[in-house]
Amino acid sequence: MRIRTSVLASAALAITATFFCAALLWIGASRSIAADFEQEKVRATLRLIGALSMLTNEYALHPEARAAEQWRQQQEALLVTLSTAVQSSKTSDARLALRSLVDELPALFLRLTEFTAQPTGPLTERSRYLVVDQLLVRTQALADTAYRWSREAAAEEQAARRWLRFGGAAGLLLLLAITLGQPIIVWRRVLRPLLVLEKAAAAVERGDLTVRCASTVRDELGQVSRRFDTMTAALGQRSAELQRSEQRLRAIADNLPVLIAYIDSGQHYRFCNTTFAQWFGIPVAHLEGHLVEEALGAALYAQRRPFIERALAGQRVEFDLVTQLDGTDRHVHALYVPHHENGVILGLYALVTDVTAIKRNEAELLRLARFDSLTSLPNRRQFDDRLAEAMARARRTRYPVALFFLDIDRFKTINDTFGHAVGDGVLKEFASRLKACARVTDTVARLAGDEFVIILEAIHDVSEAEQVAGKIMRAMQQDFVIEGKTHLVRTSIGIALFEGDASAPAELMARADAALYEAKSAGRDGYRV
């Protein structure tokens, strides 16, 4: 039998027994209450009868209107009480007799009042005494009948109490039988299979997915046990697949040149790949479960704290940092992605990439874009920017700017005679001597080939520019030793002075170029302003 059928049958039997016991108790209680009510009516009736007897005697001795009125009130109260009793209970000879006797009393009392109102005489007095006797006899008859009614009510009350005791005992025995039977059914059909299930569930909770209930019972709990076995087997299979998948993911994450981590909302590491050990020299086991500040240290944590807090507030954060790892500065690019579930932020995923090589390449590309690769001097592009800036400062400060335009005399002959390697050596040495002749704040640049420029800022007059030109001429008159051979190198210089007018950089360059042309026309190895 199925557990549901057993439970429903047991419940139906218990409900039936409960209703049966309740019916027995209700009948017994109703009869007991009715008997108590009847007894109360009997006591009230006896009290009224006694009061009526006293008022009859009182009126016989003192025939006053007040006593007559009180007698009538008592008689009416007695009549009402008996009427209620008769209407609320089944027919009883004693009650009917009482009602009949009470109905006769008003006529007798009326005759008594009539005799009392007549003139006093022997006949009248005798008649009045006879009526009083009749009233007293009727009153005594009322008391006797009420006593008989009392005995009937007591018998009814005893019967009701017997019925109540019988119903209670029968109901108690029936409920006791059901109460004792149900635990046996519950133990055999429910509790014992549940105990087996509980042990199996505890084993699964401990991680043992090989446990089985192996139930053959054909009821609901048997079905649950078999489904539990099926579920446990499926869980074991999925757990094995999940472990293999996690191993694959861990292998991928550990072999990526990227730092991958998961940080919970309390800023504890919950997952770290082995890149942590490579970067920070800290085993993964010492990171997981620890606070970020504890794992990385106060300095590294202080760098990352604002970004972690923004990510835990729900913002996707991407940033670059320069951090010290293994005693060297490394450029890292970090991405913090918040982890949401049902609108609640549980943590963040951190992906950090070492971009030091990229930054170095970018810096090198920037350097190549703005510096001459042979001499390491600023190139034409950077020179144009610096010249425009220098002229803008000259307009603000009112200090002149001198622009030197230089080239190497007969450089083509050196290139053609000794080769490009010697020519490159001459250019590098020429650039080095130019830089040594200029101030740190001045700009020395190579435009192309053997063309060089110098920007002298914040000079007072042309004489300062001429002093620098003389210094350059003297520096170049010293022999150039390239690849073990001595070379005679000279230069011509054109100087243009800018004093804050509206000239454009191109106009200043044109004037310097014209001055250089004049210097070359004058025989080279000199300068013109």
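Each residue is numbered by its place in its chain's sequence as written, counting from 1. A pLDDT threshold of at least 70 governs which residues receive local features in this predicted model, and a stricter bar of 80 or more applies before side-chain atom pairs are shown or counted, although totals over entire chains, interfaces and linings include all residues. Excluded from the side-chain calculation are hydrogens and water; included are all heavy atoms of the structure.

Student: Mind showing me how you'd approach the nonpolar core here?
Tutor: Note on soluble globular proteins: their nonpolar side chains tend to be buried together. By size, the foremost hydrophobic cluster in this structure holds 32 residues, and its most contacted members are Phe404, Val426, Leu434, Ile454 and Ile472. Listing elements by their share of this core, those giving two or more residues are β6 (401-408), α11 (411-418), α12 (420-437), β8 (451-456), α13 (462-476), β9 (480-482) and β11 (491-498). It only takes one pair of heavy atoms within 4.5 Å for two residues to be counted as in contact. Contact partners of Phe404, with chain neighbours within four places excluded, come to Phe452, Val453, Ile454, Leu456, Ala465, Val468, Ala469, Ile472, Ile493, Gly494 and Ile495. Of all hydrophobic cores here, the second largest spans 29 residues; its members include Cys272, Leu312, Val317 and Leu321. The term nonpolar core refers to a set of buried residues drawn from Ala, Val, Leu, Ile, Met, Phe, Trp, Tyr and Cys, joined through side-chain atoms within 4.5 Å. Summary of the burial criterion: residues with accessible area below 20% of their type's maximum are buried, those above 50% are exposed, and those between are partly exposed, where the area comes from a 1.4 Å probe applied to protein chains only. In this text, helices come from DSSP runs of H or I with a minimum length of four residues, and strands from runs of E with a minimum of two, each type numbered from the N-terminal end.

Student: How do you make sense of the pairing of β8 when you look at a structure like this?
Tutor: Both faces of the sheet carry side chains from a regular strand, because those side chains alternate between them. Taking burial as the measure, the 6 residues of β8 include 5 buried ones, the bulk of the element. Where β6 and β8 come together, 5 bridges link them in antiparallel fashion. Bridging from a neighbouring strand, Ala402 pairs with Leu456 of β8. Taken together, the 5 bridges between strand β7 (residues 443-448) and β8 define a ladder with antiparallel strand orientation. Across the sheet, residue Val444 finds its bridge partner in β8, namely Ile454. The turn linking β7 back onto β8 is made up of 2 residues, and Gly449 within it adopts a positive phi angle of 55°. The rule for pairing is simple: two strands pair if DSSP sees at least two bridges between them.

Student: Would you explain unusual backbone geometry in this entry?
Tutor: With the exception of glycine, most residues fall at negative phi, and the peptide bonds are largely trans. The phi dihedral of Arg524 is positive, around 65°, even though this residue is not glycine. Structurally, Arg524 is set in the loop between α14 (505-521) and β12 (527-528).

Student: Explanation requested: the sheet that holds β7 in the structure shown.
Tutor: By way of backbone hydrogen bonds, the strands of a sheet pair with one another, either parallel or antiparallel. Read from one edge to the other, the open sheet built from 5 strands follows the order β7-β8-β6-β11-β12, with strand pairing classed as mixed. Edge positions in the open sheet fall to β7 and β12, since each of these has one partner strand only. In this description, a line fitted to the C-alpha atoms serves as the axis of each element, helices being fitted only across the stretch in contact, and the angle between N-to-C directions of two axes falls anywhere from 0 to 180 degrees. Seen against the sheet, α14 touches β6, β7, β11 and β12 and runs at an angle of roughly 145° to β11.

Student: Explain empty space enclosed by the protein to me, please; I cannot follow it from the model alone.
Tutor: Any space left empty among the atoms is revealed by the rolling of a water-sized probe across them. Points on a 1 Å grid over protein atoms alone make up a cavity when a 1.4 Å probe fits among them but cannot get out, and a pocket when they form an open set with protein on both sides within 12 Å along at least five of seven lines; lining residues each have an atom within 4 Å of a point. Grid points are joined across faces, edges and corners, and a volume is the space filled by probe spheres set on the points. All told, the structure shown has 1 cavity of 30 Å³ or more when counted by the stated rule. A volume near 110 Å³ is recorded for the largest cavity. Together, 15 residues line the largest cavity, and Leu259, Tyr269, Arg304, Tyr336 and Val352 are the ones closest to its centre. Contributions of two or more residues to the lining of the largest cavity are made by β1 (258-264), α6 (275-280), α7 (292-296), α8 (298-312) and β5 (344-354).

Student: Is there a simple way to think about the packing of aromatic side chains in this case?
Tutor: One pair of aromatic rings is described through two measures. These are the centre distance and the angle between the planes. Between rings of Phe, Tyr and Trp, where Trp is taken as its six-membered ring, a pair exists when centres lie within 6.5 Å; planes separated by under 30 degrees are stacked, by over 60 edge-to-face, and by other angles tilted. Tallied over the full model, the rule gives 4 aromatic pairs. Between Phe307 and Phe319, the ring centres sit 3.7 Å apart and the planes meet at 5°, which makes this aromatic pair stacked. Of this pair, Phe307 sits in helix α8 while Phe319 sits in strand β3 (residues 317-325), placing them 12 residues apart in sequence. Each of the two residues, Phe307 as well as Phe319, counts as buried. With 5.2 Å between their ring centres and 75° between their planes, Phe319 and Tyr336 make a pair best called edge-to-face. A residue pair is termed long-range when its members are at least 10 positions apart, and Phe319 in strand β3 and Tyr336 in strand β4 (residues 328-341) qualify at 17 residues. The residues Phe319 and Tyr336 share a single accessibility class, namely buried. In this scheme, Lys NZ or Arg CZ marks a charge over a ring once it lies within 6 Å of the ring centre and within 35 degrees of the ring normal. The lysine or arginine in question, Arg433, covers the ring of Phe480, its NZ or CZ lying 3.9 Å from the ring centre.

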